[in-house]
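# Structure assessment
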Amino acid sequence: MSGRDDDSDYVLDGRPMMNIEPDSDYDEVTSQYDECYASGSDATGTLFSEVTNYKFEHGRRYHAYAEGLYWGPNDDKQNTQLEIFHHIFLMILEGKLFLSPIEQPKHVLDLGTGTGIWAIEMADQFPEAQILGNDLSPVQPTWIPANCAFEVDDFTRPWTHPPNTFDLIYARGLYGCVGDWPQLLGEAYAALKPGGWFESVEVATAFSSEATADKQLLEGSLVKKWCELAVEGSHRAGQPLDVAGKVGGHLRRSGFQNVHDRVFKIPYGPWPKKEQMKLIGKMMMVNVLEGFEGFSLAIFTRVLGMTSDEAKEFNEQVLKELRDQRMNLWVKMVVSYGQKPLDADSPSDQDSAYHSGFGSLRTAASSTDLSSPP
Ligand SMILES: C[S@@+](CC[C@H](N)C(=O)[O-])C[C@H]1O[C@@H](n2cnc3c(N)ncnc32)[C@H](O)[C@@H]1O
């Protein structure tokens, strides 16, 4: 001890640690230790079952933590779809896991990690880095690289990560997951190191067609109607699906610099000539067929008020139309990435007016580490 009369000489990472005042009631504290020892495993078990007490609806399984927040199922069918999509993303990006110009990231956060496949591959590719993935659902594997970890967390709530921590924050497929992008990017900005990067990958919720002059689907197309309804439902729910192409603007307005928007086409079906694109098109078909019901069921029933049978029947009709090979369909994929300025010292540097959700009504931050479930 240095003889100072506060505890601020315990410094972690350049910041003084919080002073914790001890309870002077020795007997009370002893009995609480005993209670904790007695109930410790129960308490962990309760926490674990709270996040795995999944909800079942119309034959699909949904997350339990922050129940109802996210539209997608977390069952094997949907998780298979996420893994197929991961391979499509990698093929489109020629094997690159990210486009931000970072050589050797040390600390990486993957928001809404899903099956964790991106985080695990990052951990393999950068053995010196620590990769953390968070999600509402603890569906990630337990056999993972030592430098990878997963936690159950709701990224729309205030974050608990210390400021200036990450070199890269990655967010792929967060369509329909975010009601307040400025708020999310405010948290990300604070948690990034100066010079760190935020990278988003989003896919349009509308199909385009090579077979029409304006690339739009024809009026009366059920596929078009399906996409419009899904987007409308997501807006009504307050978490829009149509974010592809909008994240770059949010990044710029949130104080990020060197923002890039890279736009790619993902073909649907084997119609492209080039072998690689043909393969991607076939995989995209499998991806859509596997994920189609899961994409829409919750939005169509919970928000738009369809019955489960109506939603499934509508999906069937849309799938029939999707098999029409003459449409030469594709979807837009947008990768947007931007950098926290190198001279940014603290979160207070940000344009606070834009970060509207900062200090929102939700106050209790929560994160549950499930890397070692009971
Ligand atoms: C479309 S999936 C994308 C998964 C993964 N990023 C990928 O590209 O494979 C969206 C993921 O975000 C998660 N998610 C949605 N809202 C969330 C929230 N508020 N906090 C944490 N995760 C969330 C979902 O559980 C789901 O796994």
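Bear in mind that the values here come from a model prediction, so they are computed numbers and not experimental data.

About the cut-offs
Residues numbered from 1 in each chain as written. Predicted model: local features only at pLDDT ≥ 70, side-chain atom pairs only at ≥ 80, totals over all residues. Helix = DSSP H or I, 4+ residues; strand = E, 2+ residues; numbered from the N terminus. Contact = placed C-beta atoms within 7 Å. Expected span 1.5 Å × (residues − 1). Buried ≥ 20, exposed ≤ 12 C-beta atoms within 10 Å, placed from the backbone. Arc of directions from axis to C-beta. Core = buried A, V, L, I, M, F, W, Y, C linked by C-beta atoms within 7 Å. Near = placed C-beta within 6 Å. Nonpolar A, V, L, I, M, F, W, Y, C, P; charged D, E, K, R; others polar. Pairing = 2+ DSSP bridges. Right-handed = clockwise from strand over helix to strand, strands pointing away. Axes fitted to C-alpha atoms, helices over the stretch in contact; angles between N-to-C directions. Parallel < 35°, antiparallel > 145°, perpendicular 65-115°, else oblique. Left-handed = near helix turned anticlockwise from the far one by under 90°. pLDDT = per-residue confidence, 0-100.

A count of helices and strands for the protein chain gives 8 helices and 12 strands. For the protein chain, the proportion of contacts with a sequence separation of at least 24, taken over those separated by at least 6, is 71%.

Let us look at helix 5 (residues 222-236). Taking 1.5 Å per residue as the helical rise, helix 5 with its 15 residues ought to reach 21 Å, and the 21 Å between its terminal C-alpha atoms agrees with that figure. Listed in full, the buried residues belonging to helix 5 are V223, W226, C227, A230, G233 and S234. Within helix 5, the buried residues cover an arc of 130° as seen down the axis, which keeps them to one side. In this structure, the buried residues of helix 5 make contact with strand 9 (192-209), helix 7 (275-303) and helix 8 (308-322). Downstream of helix 5 by a residue or two, G238 has a phi angle that is positive, lying close to 85°.

Attention now moves to helix 4 (residues 181-191). Counting buried residues in helix 4 gives 10 out of 11 residues, a clear majority hidden from the surface. Where the residues of helix 4 are buried, they touch strand 8 (166-172), strand 9 and helix 6 (247-253).

Now for the nonpolar core. In terms of nonpolar packing, the biggest core is built from 76 residues, with M122, I169, A188 and F198 touching the most fellow members. With 8 residues, helix 7 is the single largest residue contributor to this core. With residues up to four places along the chain from it excluded, the contact list for M122 reads L97, V108 and I131.

Our focus in this paragraph is the site of the ligand. Around the ligand, a shell composed of 21 residues is seen, among which G112, G114, R172, G173 and C177 lie nearest. The residue makeup of the shell around the ligand, split by class, is 7 nonpolar, 10 polar and 4 charged.

What follows concerns the pairing of strand 8. For a regular strand, side-chain orientation follows a simple rule: the groups alternate between the two sheet faces. In terms of burial, strand 8 is largely enclosed, as 7 of its 7 residues are buried. Alignment of strand 5 (residues 107-111) against strand 8, held across 4 bridges, turns out to be parallel. By the bridge assignment for strand 8, L109 is matched with I169. Bridging between strand 8 and strand 9 involves 6 bridges; their strand directions are parallel. Paired with F166 across the bridge in strand 9 is L192. With helix 4 bridging strand 8 and its parallel neighbour strand 9, the resulting β-α-β unit is right-handed.

Packed helix pairs are characterised by how far apart their axes lie and by the angle those axes make with each other. Packing of helix 2 (residues 76-92) against helix 7 leaves a shortest axis separation of 9 Å and a crossing angle of 155°. As summarised for this structure, helix 2 and helix 7 are arranged roughly antiparallel, according to the angle between their axes. In the packing of helix 2 onto helix 7, the handedness of the crossing is left-handed. Between helix 2 and helix 7, the contacting residues are K77, Q78, T80, Q81, I84, F85, H87, I88, M91 and I92 on the first element and Q276, I280, M283, M284, V286, N287, E290, G291 and G294 on the second. Residues belonging to the contact of helix 2 with helix 7 are distributed by class as follows: 9 nonpolar, 8 polar and 2 charged.

Turning next to the environment of S308. Mapped onto the fold, S308 is located in helix 8. A residue is classified by how many C-beta atoms lie within 10 Å of it, and S308, with 14 of them, is partly exposed. With residues up to four places along the chain from it excluded, the contact list for S308 reads H58 and T301.

The backbone phi angle of H58 is positive, close to 50°, even though this residue is not glycine. If you trace the backbone, H58 turns up in the loop between strand 3 (55-57) and strand 4 (60-62). Phi is positive for K215, close to 70°, though the residue is something other than glycine. Examined against the element boundaries, K215 turns out to sit in the loop between strand 9 and helix 5.

On average, residues of the protein chain score 84 in pLDDT, and 79% of them are at 70 or above. Of the regions scoring below 50 in pLDDT, residues 1-20 engages in 11 contacts with residues more than four places distant in sequence or in other chains. In this model residues 347-374 is a low-confidence stretch, pLDDT under 50, and it forms 56 contacts with partners more than four residues away in sequence or in other chains.

Before going further, it helps to examine the pairing of strand 6 (residues 130-135). Counting buried residues along strand 6, 5 of its 6 residues qualify, which places the element largely inside the surrounding structure. Note that strand 5 and strand 6 share 4 bridges and pair parallel. Counterpart to D110 in the pairing with strand 6 is G133. The β-α-β motif built from strand 5, the intervening helix 3 (residues 117-125) and the parallel element strand 6 has right-handed crossover chirality. As judged from the 5 bridges shared by strand 6 and strand 7 (residues 148-153), these two strands associate in the parallel manner. Within strand 7, the residue paired with N134 across the bridge is E151.

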